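Structure at a glance
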Amino acid sequence: MKLTIQELYDILYDNLGPQGWWPADNPYEIIVGAILVQNTNWRNVERSLDNLRERTQFDPDKILALEVESLQTYIQPSGFFKNKSKAIISIFQWLKEHHYDFKSIDEMYVDELRNILLALPGIGPETADVLLVYVFDKVVFITDSYTRRLFKLLGHPKSESYHGLQDAVTLPESFTPIHAQEFHGLLDEFGKRYLSPKGVKSATFLDQYFVRDLDIN
């Protein structure tokens, strides 16, 4: 049986419920979390976020005012803290140059915004797409590792690479930014519960669709 993207979204939503992802109180916390979660798990990120929340309340100017060594210490639980601290400082300096005005940034760069984000140190394709979806309210398909594992099980031929799957999948025209945000949260929640790098950890509500073609229209 083939699944459309809308059908996949609906099945995930019906079985997992609303995810309310990305968990954060403001866009600056989202930005920091998106950088810190690279190559680690969310549990470690939460420890780092708690450290920063206690000391800065995620005020961007307070974050920029931190000594580099202090910032590195606070985010150390997330690993790769030297590179991640550079990425945080870089993007917050860029935001400050634009007066922390997300709407103005969006209007200034329009379709070039993703490339502008990718040009910042430490911002790769997945992180850039997370920022587009959760900070700038864009409808973008985030093809992280959990998503690629699931689409591979569903028999999708382009599931091996980030850009391959992203380019091959078209989100429904009816998708709003909220749908794009929820879809990413649902895909990741499914992955956390049921998937591992080696395959499926236990029986799932999608088993009947595995190793079959996915209609990506």
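Structure first, text after, so check above.
Here the structure is a predicted model, which means the values were calculated and not measured.

Cut-offs applied
Residues numbered from 1 in each chain as written. Predicted model: local features only at pLDDT ≥ 70, side-chain atom pairs only at ≥ 80, totals over all residues. Heavy atoms only, no water. Helix = DSSP H or I, 4+ residues; strand = E, 2+ residues; numbered from the N terminus. Rg over C-alpha atoms; globule rule 2.2 N^0.38 Å. Buried < 20%, exposed > 50% of the residue type's maximum accessible area, 1.4 Å probe, protein only. Contact = heavy atoms within 4.5 Å. Salt bridge = Lys/Arg side-chain N within 4 Å of Asp/Glu carboxyl O. Phe/Tyr/Trp six-rings, centres within 6.5 Å; stacked < 30°, edge-to-face > 60°. Axes fitted to C-alpha atoms, helices over the stretch in contact; angles between N-to-C directions. Parallel < 35°, antiparallel > 145°, perpendicular 65-115°, else oblique. Left-handed = near helix turned anticlockwise from the far one by under 90°. Nonpolar A, V, L, I, M, F, W, Y, C, P; charged D, E, K, R; others polar. Polar contact = N/O pair within 3.5 Å; in protein donor to acceptor, adjacent residues only side chain to side chain.

**Focus: the overall build of the protein chain**
Of the regular secondary structure elements, the protein chain holds 12 helices and two strands. For the protein chain, the α and β elements follow one another from N to C terminus as α-α-α-α-α-α-α-α-α-α-α-α-β-β. In terms of overall size, the protein chain behaves like a compact globule, its C-alpha atoms giving a radius of gyration of 18 Å where 217 residues would be expected to give roughly 17 Å. The C-alpha extent of the protein chain, read off along each of the three principal axes, is 55 × 35 × 25 Å. Evaluated residue by residue, the protein chain yields a buried proportion of 48% over its 217 residues.

**Here's the deal with the environment of Ser174**
Turning to its location among the elements, Ser174 is positioned in the loop between α11 (162-168) and α12 (177-194). Between the C-alpha atoms of Ser174 and Tyr209, which are 35 residues apart in sequence, the distance is 24 Å. Excluding residues that lie within four positions of it along the chain, Ser174 makes contacts with Gln6 and His179.

**Overview of the environment of Pro125**
Its location among the elements puts Pro125 in helix α9 (residues 125-134). Overall, Pro125 belongs to the partly exposed group, its relative accessible area being 32%. Excluding anything up to four places from it in sequence, Pro125 contacts Arg114, Leu118, Tyr162 and His163.

**Observations concerning the pattern of salt bridges**
Applying the stated criterion to the full structure yields eight salt bridges. We note a salt bridge from Asp106 to Lys138, for which the minimum N-O separation is 2.7 Å. Of this pair, Asp106 sits in helix α7 (residues 102-109) while Lys138 is found in the loop between α9 and α10 (145-153), placing the two residues 32 residues apart along the sequence. Residue classification places Lys138 among the partly exposed positions, given a relative accessible area of 24%. Close ionic contact of Asp129 with Arg114 constitutes a salt bridge, the shortest N to O distance being 2.7 Å.

**Comments concerning the side chain of Ser90**
With respect to the element layout, Ser90 can be found in helix α6 (residues 81-97). Note on Ser90: relative accessible area 15%, which makes it buried. Once you skip the residues sitting within four places of it in the chain, Ser90 turns out to touch Leu120 and Pro121.

**Describing the packing of aromatic side chains**
Inspection of every chain in the model, using the stated rule, returns 18 aromatic pairs. On the basis of an interplanar angle of 20° and a centroid distance of 5.8 Å, the ring pair of Phe141 and Phe183 is categorised as stacked. Placement of the pair is Phe141 in the loop between α9 and α10 and Phe183 in helix α12, with a sequence separation of 42 residues. The pair Phe141 / Phe183 is uniform in exposure class, with both members buried. Here a set of aromatic residues connected by ring pairs shows up, and it is made of Tyr9, Tyr13, Phe141, Phe151, Phe175 and Phe183.

**Let's talk about the packing of helix α2 (residues 27-36) against α9**
At a minimum axis separation of 9 Å, α2 and α9 run at an interaxial angle of 155°. Classified by the angle their axes make, α2 and α9 are roughly antiparallel. Viewed along their axes, α2 and α9 form a crossing whose handedness is right-handed. From α2, Ile30, Ile31, Ala34 and Ile35 reach across to α9, where they touch Thr127, Val130, Leu131 and Tyr134. Among the residues forming the contact of α2 with α9, the class breakdown is seven nonpolar, one polar and no charged.

**A look at the side chain of Ser48**
Within the secondary structure, Ser48 sits in helix α3 (residues 42-56). Residue Ser48 is classed as buried on the basis of its relative accessible area of 0%. A distance of 2.7 Å separates polar atoms of two side chains, one belonging to Ser48 and the other to Ser78.

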